Amino acid sequence: MSWFRKSMVLNNDQAETFEGSTRLVFTVEEEIGALSRALVIFEDHGVNLSHIESRPSKQSPDQYDFFVDCDDAKGGLHEAIQKLYKVTKSVTVLSRSQDQSLGGAETVPWFPRTIAELDRFANQILSYGSELDADHPGFKDPVYRARRKEFADIAFNYKYGQPIPRVNYTEEEIKTWSIIYRSLVKLFPTHACKEFNHVFPLLIDNCGYREDNIPQLEDVSNFLKDCTGFSLRPVAGLLSSRDFLAGLAFRVFHSTQYIRHPSAPKYTPEPDVVHELIGHVPLFADPAFAQFSQEIGLASLGAPDEYVAQLATCYWFTVEFGLCRQNNELRAYGAGLLSSFGELEYCLSGKPEIRLFDPQKTGIQNYPITEYQPIYYVSESFEDAKEKLRSFASTIPRKFGVRYNAYTLSAEVLDNARQITQFASDIKGDMTRLEDALRKFTAAA
């Protein structure tokens, strides 16, 4: 075995398959024949492997970790895992199905380890895309439906690292944008939080935000990368909560490109480019808000379903419909408010109930999705919300910690002494640089 990272695809027809697949992580000693003994087990039990990836183990310099994607619809995967225990140091199942009975192995809900692995679920949308429900404003409009398919095709064909294709928006689409844009910008000075109002003019100057132009995702994504490291990725429709939050862990926001139907500019049953670019984007350029959003994503990685549901609800009441207190006044920071002039006025009207954000309580609160919220949650600051979220995340039953490595754009699992020691060393190095900077600052003052 060589010490560099090694990856190979065994079956091109199965390489892109994600549904019906299970990922195993097993560890072997660095010795001749160790991998062969493991692979023979899969062959003997008729288990098809679509992908194998090897990395030096972070638990011991004398071991290797192998990430294997298996087709769990055929063959005896359960029996293979049981046999695998006998020839490896450890076996962990990372499964979309979260089958707790796979050969007795420890099962962890699958999550991406690298930013490129977002490709694996980006097209697993739950609804909409090019197919519309019967009550959608554009359901009976064949021109609009064809246009939605164009946008869906862009998202389906997109892969990490590619530039986001530019869209030539039609006059009708720009007119719909302009109606909403014109109404919202009048409210921002008095209703939006100060961080939003600081960034919005920068988007006008750098990304073409204006009444007669719909900005391009690629331009906006590049702007965000320069500000906070966040980026946009085109998506055809709604993702599951687990998949969407996983993107945030890598500072990636899955964004639609289509716009709502022109017959109802004041209403959309789904997120559209107005909601994404006007509601979400400005605050992803704010460092404190970007960190808070990423914390929600990191907390979701490998978490049990019930905790992902609570995190998604916290996301709903903060990133989508959150309020904050600034200069003793309430201001909106949630994207669902900042992209809806009707609800933006309503949320500060004194009519709805206002509660203090508390993840333990907020995460189990029911909410409507087709009408104004009867309850809004207020945070004293993004930093305060982040610390509360971190405290809640510490209660999630995971046998490992997770950190984001901005150098490798990967989610690192902290589950052994070697990794934790390295993490502590990295922090110590940062603290040394901080202390040096403080000394120089104090001396200059």
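Residues numbered from 1 in each chain as written. Predicted model: local features only at pLDDT ≥ 70, side-chain atom pairs only at ≥ 80, totals over all residues. Heavy atoms only, no water.

A few points about the sheet that holds strand 12 (residues 375-379)
Consideration 1: Taken in spatial order, the four strands line up as 10-9-12-11 in an open sheet, and their pairing is mixed. The open sheet is flanked by strand 10 (329-332) and strand 11 (353-356), the only strands paired with a single partner. Across the sheet, the mean angle from the axis of one strand to that of its neighbour is 40°, orientation sign disregarded.
Consideration 2: Bridging between strand 9 (residues 323-326) and strand 12 involves two bridges; their strand directions are parallel. Within strand 12, the position partnered with Leu323 by the bridge is Val378. (Pairing = 2+ DSSP bridges. Helix = DSSP H or I, 4+ residues; strand = E, 2+ residues; numbered from the N terminus. Axes fitted to C-alpha atoms, helices over the stretch in contact; angles between N-to-C directions.)

Examining the nonpolar core
Consideration 1: Counting residues in hydrophobic clusters, the biggest one holds 100 residues, and the most contacted among them are Phe188, Tyr209, Leu224, Leu232, Leu245 and Leu277.
Consideration 2: If you tally residues by element for this core, the top one is helix 11 (residues 305-320), at nine residues.
Consideration 3: Tyr209 has contacts with Tyr181, Phe200, Leu203, Ile204, Pro215, Val220, Leu277, Ile278 and Val281, leaving out every residue within four places of it along the chain. (Core = buried A, V, L, I, M, F, W, Y, C linked by side-chain atoms within 4.5 Å. Buried < 20%, exposed > 50% of the residue type's maximum accessible area, 1.4 Å probe, protein only. Contact = heavy atoms within 4.5 Å.)

Looking at unusual backbone geometry
Consideration 1: Positive phi, close to 55°, is recorded for Asn327, a residue that is not glycine.
Consideration 2: Among the structural elements, Asn327 can be located in the loop between strand 9 and strand 10.
Consideration 3: According to the relative accessible area criterion, Asn327 is exposed, its value standing at 73%.

Here's the deal with helix 3 (residues 142-157)
Consideration 1: Relative to the 22 Å expected for 16 residues at 1.5 Å per residue, helix 3 spans 23 Å between its end C-alpha atoms, a close match to the ideal helical length.
Consideration 2: Of the residues making up helix 3, those classed as buried are Tyr144, Arg147, Arg148, Phe151, Ala152, Ile154 and Ala155. Down the axis of helix 3, the buried side of the element spans an arc of 155°, and every buried residue falls inside it. Within helix 3, the exposed residues directed more than 90 degrees away from the buried face are Pro142, Val143 and Asn157.
Consideration 3: Looking at the buried positions of helix 3, the neighbouring elements they touch are helix 4 (171-185) and strand 7 (231-234).
Consideration 4: Between the side-chain oxygen at the start of helix 3 and the backbone nitrogen of Val143 there is a gap of 3.0 Å, and the oxygen is on Asp141. (Expected span 1.5 Å × (residues − 1). Arc of directions from axis to C-beta. Polar contact = N/O pair within 3.5 Å; in protein donor to acceptor, adjacent residues only side chain to side chain.)

Observations regarding the state of the cysteines
Consideration 1: Throughout the structure, instances matching the rule amount to zero disulfides.
Consideration 2: Its sulfur unpaired, Cys193 is 4.8 Å from the next cysteine sulfur, which belongs to Cys324.
Consideration 3: In this model Cys227 remains outside any disulfide bridge; the closest cysteine sulfur is found in Cys207, 8.1 Å from its own.
Consideration 4: Judged by its relative accessible area of 35%, Cys227 falls in the partly exposed class. (Disulfide = S-S within 2.5 Å.)

Some details on the confidence of the model for the protein chain
Consideration 1: Within the protein chain, residue pLDDT values average 86, and 91% of them lie at 70 or more.
Consideration 2: Counting interchain partners and residues more than four positions distant, the pLDDT-below-50 stretch residues 1-19 has 46 contacts. (pLDDT = per-residue confidence, 0-100.)

Some thoughts on the pairing of strand 14 (residues 410-414)
Consideration 1: Here strand 14 lies mainly inside the structure; five of its five residues are buried.
Consideration 2: In strand 14, alternate side chains face the same way, and those of Ser410, Glu412 and Leu414 on one face and Ala411 and Val413 on the other are all buried.
Consideration 3: Strand direction decides the pairing type here: strand 13 (residues 401-405) and strand 14, joined by five bridges, are antiparallel. Note on strand 14: the bridge partner recorded for Gly401 is Leu414.

Looking at the packing of helix 1 (residues 34-44) against helix 2 (residues 77-87)
Consideration 1: Running from amino to carboxyl end, helix 1 crosses helix 2 at an angle of 165°, the nearest separation of the two axes being 9 Å. Comparing the axis directions of helix 1 and helix 2 gives the class roughly antiparallel. Helix-helix and strand crossings are classified by hand; for helix 1 and helix 2 the assignment is right-handed. Here helix 1 contributes Ala38, Ile41 and Phe42 to the contact with helix 2, which in turn contributes Ala80, Lys83, Leu84 and Val87.
Consideration 2: When grouped by side-chain class, the residues that make up the contact of helix 1 with helix 2 number six nonpolar, no polar and one charged. (Parallel < 35°, antiparallel > 145°, perpendicular 65-115°, else oblique. Left-handed = near helix turned anticlockwise from the far one by under 90°. Nonpolar A, V, L, I, M, F, W, Y, C, P; charged D, E, K, R; others polar.)

Topic: the pattern of salt bridges
Consideration 1: For the coordinates displayed, the defined rule picks out 23 salt bridges.
Consideration 2: In this structure, Arg325 and Glu380 form a salt bridge, with 4.0 Å as the shortest nitrogen-oxygen distance. Of this pair, Arg325 sits in strand 9 while Glu380 sits in the loop between strand 12 and helix 15 (382-393), and the two are 55 residues apart along the sequence.
Consideration 3: Under the relative-accessibility criterion, Arg325 is labelled partly exposed at 33%.
Consideration 4: One salt-bridge network, held together by shared partners, links Arg147, Glu150 and Glu173. (Salt bridge = Lys/Arg side-chain N within 4 Å of Asp/Glu carboxyl O.)

Some words on a nonpolar patch on the surface
Consideration 1: A cluster of nonpolar side chains, contributed by Ile427, Met431, Leu434 and Leu438, occupies part of the molecular surface with about 350 Å² of accessible area.
Consideration 2: In this fold, Leu434 is placed in helix 16 (residues 417-444).
Consideration 3: Here Leu434 falls in the partly exposed class, since its relative accessible area comes to 43%. (Patch = residues over 30% accessible without salt bridge, like charges linked within 9 Å, V, L, I, M, F, W, Y side chains within 5 Å. Areas by Shrake-Rupley, 256 points an atom, 1.4 Å probe, with all protein chains shown as cover.)

Some remarks on the packing of aromatic side chains
Consideration 1: Tallying each qualifying case throughout the model produces 30 aromatic pairs.
Consideration 2: Considering the side-chain rings of Phe188 and Phe200, the 5.3 Å spacing of their centres and the 65° angle between planes classify their relative orientation as edge-to-face. Of the two residues, Phe188 sits in helix 5 (residues 188-191) while Phe200 sits in helix 6 (residues 194-207), which places them 12 residues apart along the sequence.
Consideration 3: Overall, the relative accessible area of 3% leaves Phe188 in the buried class.
Consideration 4: Following the ring pairs from residue to residue traces out a cluster consisting of Phe230, Phe244, Phe253, Phe284, Phe289, Phe292, Tyr315, Tyr333 and Phe382.
Consideration 5: The ring of Tyr258 has Arg148 lying over it, and the distance from NZ or CZ to the ring centre is 3.6 Å. (Phe/Tyr/Trp six-rings, centres within 6.5 Å; stacked < 30°, edge-to-face > 60°. Lys NZ or Arg CZ within 6 Å of the ring centre and 35° of its normal.)

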